[in-house]
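# Secondary and tertiary structure notes
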Amino acid sequence: MSIFVPSAMTRGPSKASASNDMTSRAIPAGSVPPIAAKATDAFVPAGLNMPVAVRRWLPRLATSSLLVAGDTVSYLIAYFVLLSFLPSGSEGTFVERAFTVAALAAIVLYASAGLYPGYRLHDHEHLRRRTLAAVKVAVLAAFGAIILPEGGWLLFAIIAFLGLGLIVQPFVHWLARGLCWRLGIWGERAVVIGGRNLAPALVAHFTDHWQYGIRPEPFSPDTLDALPGGGPSIALIAGDTGSLASGLPALRRKFAEVILLSDTPNLKVSGLRPADIGGEIGIRLTTGGSSINSDPVRRILDLAIAIPATIVVAPFIAIAAAAIYAIDPGPVFFRHAREGRSGRPVHVLKLRTMYQDAEQRLEALFRDNPAMRAEWLSHFKLKDDPRILPIIGHMLRSSSIDELPQLANIIAGEMAFVGPRPFPEYHLSAMDGEFRDKRRSVTPGLTGLWQISERSDADIELQQQLDEFYIDNRSLWFDCQILLGTIPAVFKRRGAC
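Here the structure is a predicted model, which is why all the values come from computation and not from measurement.

### Side note on the pairing of strand β5 (residues 257-261)
- For β5, a buried count of five out of five residues is recorded, marking the element as mostly surrounded by other parts of the structure.
- Going residue by residue along β5, you find Glu257, Ile259 and Leu261 tucked away on one face and Val258 and Leu260 tucked away on the opposite face as well.
- Of the strand pairs in this sheet, strand β4 (residues 234-237) and β5 are connected by four bridges, and their pairing is parallel. The residue bridging Leu236 from the neighbouring strand is Ile259, located in β5.

Below you can see the structure in the form of structure tokens.
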């Protein structure tokens, strides 16, 4: 008997993706509420008469100081992890001094790269700048190792020290940012200029995603002259900027920064491309950039990770397969033909988590429960799915272990570690043709941006927006950030990818 079974999924009816009309709205005068009352900084004592520049500088200084302290703690953690491997006596003291110099050099480079406080940068841009700084320090250490006795061992120790620091820093940095946010000193005030429906949505978006360092306030162009001198220093413009063309010079005189917002991962804003020139959340009026094709490097990295990972996870796959067979005897693997790059079919390999008669169970469910059918048409997933095998099925899905056989697809070159998920035809039919063409331009992935952002809670429209944002802004650093984000997403067990 073959261990493979065909798809047990039914093809759902087509559903045209609703267009987001927010991006096509102009910005009529007075269409959004006037700017809110002047906000106050928790860092500045109430009633204290202080120059505007100082009032803006103090919270930024305090935030940067806490972030520097966080990076210092990260390097101390790396030092204590390596402590047992260090030599004793004067040689050990020399290595410790080398660690201190390396840490100080890295922190200076972080500061020169704009990571303190690092407002308005995407997470993958933080990772890229930190990694480049660590590489620069390692290169300097390599030159020093050439002229020092036993320099090779010292170079290895410094590289291990910097590498451990890079691993620990994202977590400590997250804690430091959270502390600054709770103290009320994180972020800079910014006015949001957009259409009637777009401005409130953007205010809500940046309020929820406070990590960008934007403290948004709604704004009407009519109130520009009434802005107080100590008001927001940033203007974020989204939507159709044509109606604001004549007012841009006045905005640039009034605000220290004017940024044209482009698409964000969770909210469709405009058609500007690319979305993260310079790694920032929007496009500055004078910024340009270019990209290079990094697909060969991606392929090398995929193989370097997938081959050893397959060897490591093979015993877990075997145990899971035995459990599946014990509950529902039959084929334990599941293959399904899906659309890949350039429209070529990809035979996605998974551990079977459903009963063999899953298709019949789904049809019976839809006949008896119209609400479940509506849920299926919205998400193409069911929270209480009667097709899933008891215990083992839910466990494999929530932990994403059922996806591990797709390492074979990655080794074969049909998939990559990061990219849009290869959806079934019934799922793709709910998306517009232009977006499907865009999906065909990249290799499908084992994990992607919408898996770590919303996972099973995302509807079709949001899935499309997240995938489109990734395709328009894909880079090796973005891929690394998604891979790092996949680990906590899996452990939170918020649903299957």
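### Digging into the confidence of the model for the protein chain
- On average, residues of the protein chain score 76 in pLDDT, and 72% of them are at 70 or above.
- Element-level mean pLDDT values for the protein chain span from 42 in strand β1 (residues 4-5) up to 93 in helix α11 (residues 407-411).
- Considering only residues more than four positions removed or in separate chains, one finds that residues 1-40, a stretch of pLDDT under 50, has 108 contacts.
- pLDDT under 50 marks residues 285-292. Its contacts with residues more than four places away, or in other chains, come to six contacts.

### Describing unusual backbone geometry
- The omega torsion of the bond from Tyr116 to Pro117 falls at 5 degrees, within 30 degrees of zero and hence cis.
- Within the element layout of this structure, Pro117 appears in the loop between α2 (89-112) and α3 (123-147).
- Backbone geometry at Ser400 places phi at a positive 65 degrees, although glycine is not the residue there.
- Examined against the element boundaries, Ser400 turns out to sit in the loop between α10 (392-399) and α11.
- Residue classification places Ser400 among the buried positions, given a relative accessible area of 10%.

### Focus: the pattern of salt bridges
- Applying the stated criterion across every chain yields a total of 17 salt bridges.
- Across the pair Glu188 and Arg120 runs a salt bridge whose closest N-O atoms are separated by 2.7 Å. Within this pair, whereas Glu188 is found in strand β2 (residues 188-193), its partner Arg120 is found in the loop between α2 and α3, the two being separated by 68 residues in sequence. The pair formed by Glu188 and Arg120 is uniform in burial state, with each residue classed as buried.
- Of the charged contacts, one joins Glu403 and Arg421 as a salt bridge, the two residues approaching to 3.0 Å between their closest N and O atoms. On the criterion of sequence distance, the pair formed by Glu403 in the loop between α10 and α11 and Arg421 in the loop between β9 (416-418) and α12 (425-428) is long-range, its members being 18 residues apart. Neither residue differs from the other here; Glu403 and Arg421 are each classed as buried.
- One continuous salt-bridge network, built from bridges that share partners, spans Glu339, Glu425, Arg436, Asp437 and Arg440.

### Quick word on the environment of Ile185
- Locating Ile185 in the fold gives a position in the loop between α4 (151-183) and β2.
- When its relative accessible area of 4% is taken as the criterion, Ile185 is described as buried.
- When the C-alpha atoms of Ile185 and Gly213 are compared, they prove to be 9.8 Å apart, with 28 residues separating the residues in sequence.

Basis of the calculations
Residues numbered from 1 in each chain as written. Predicted model: local features only at pLDDT ≥ 70, side-chain atom pairs only at ≥ 80, totals over all residues. Heavy atoms only, no water. Buried < 20%, exposed > 50% of the residue type's maximum accessible area, 1.4 Å probe, protein only. Helix = DSSP H or I, 4+ residues; strand = E, 2+ residues; numbered from the N terminus. Pairing = 2+ DSSP bridges. pLDDT = per-residue confidence, 0-100. Contact = heavy atoms within 4.5 Å. Salt bridge = Lys/Arg side-chain N within 4 Å of Asp/Glu carboxyl O.

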